[in-house]
Amino acid sequence: MFWRKKSDQQKKLFSYRSDSFRLYFRVKPSLEEPVEFYIEGTAQNLIDIGAGGLSFQNNGFYNGQELSFQIIITQASVNILGKLQIIDIDAANICHAEFKVIKEKERESIYQYVLREQKHWIDMLKG
């Protein structure tokens, strides 16, 4: 029956533990649908992106810094302007940032991009 409680074994199959505080899933930009990323007008190497933030190669930025950014999702003709804050710089010199100023419509555009990328990867895995 669909209403039956799951057994302990079923619960273990779907357990998830993470030290991450991210609220949104992130994906690496694909070659099929590239994403251009600029900070203060200068192109940056985008590592991954999600509706709540992104990560990129550090080019002299510092933790806590707030910066203006532009994201262009080429195939979807989306141009996003906003502000982000660097919340961490890891040992690999990657900046992890969250969006501080972004319109909900633009956040939704990023979310739709992430969803398309996830579907693309699922299709590739299926063969």
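Draft legend 1. Here's a closer look at the overall build of the protein. Assigned secondary structure in the protein consists of 2 helices and 8 strands. Starting at the N terminus and ending at the C terminus, the protein contains elements arranged as α-β-β-β-β-β-β-β-β-α. Relative to its full complement of 127 residues, the protein shows a buried share of 34%. Taking as baseline every contact in the protein between residues at least 6 positions apart, the subset at least 24 positions apart corresponds to 56%. As presented, the protein carries roughly 9,000 Å² of accessible surface, and 55% of it is formed by carbon and sulfur atoms.

Draft legend 2. Seen up close, the environment of Ala43. With respect to the secondary-structure elements, Ala43 resides in strand E3 (residues 42-43). The sequence separation of Ala43 and Phe69 amounts to 26 residues, and the corresponding C-alpha distance is 9.7 Å. For Ala43, the residues in contact, after removing those within four places along its chain, are Phe37 and Tyr38.

Draft legend 3. Spotlight on the packing of aromatic side chains. Tallying each qualifying case throughout the model produces 3 aromatic pairs. Here Phe37 and Phe56 contribute two aromatic rings whose centre-to-centre distance is 5.3 Å and whose plane-to-plane angle is 55°, an arrangement assigned as tilted. With Phe37 in strand E2 (residues 35-39) and Phe56 in strand E5 (residues 53-57), this residue pair connects regions lying 19 residues apart in the sequence. Neither residue differs from the other here; Phe37 and Phe56 are each classed as buried. One aromatic cluster is present, built from ring pairs that chain together Phe37, Phe56 and Phe61.

Conventions used here
Residues numbered from 1 in each chain as written. Predicted model: local features only at pLDDT ≥ 70, side-chain atom pairs only at ≥ 80, totals over all residues. Heavy atoms only, no water. Helix = DSSP H or I, 4+ residues; strand = E, 2+ residues; numbered from the N terminus. Buried < 20%, exposed > 50% of the residue type's maximum accessible area, 1.4 Å probe, protein only. Contact = heavy atoms within 4.5 Å. Areas by Shrake-Rupley, 256 points an atom, 1.4 Å probe, with all protein chains shown as cover. Phe/Tyr/Trp six-rings, centres within 6.5 Å; stacked < 30°, edge-to-face > 60°.

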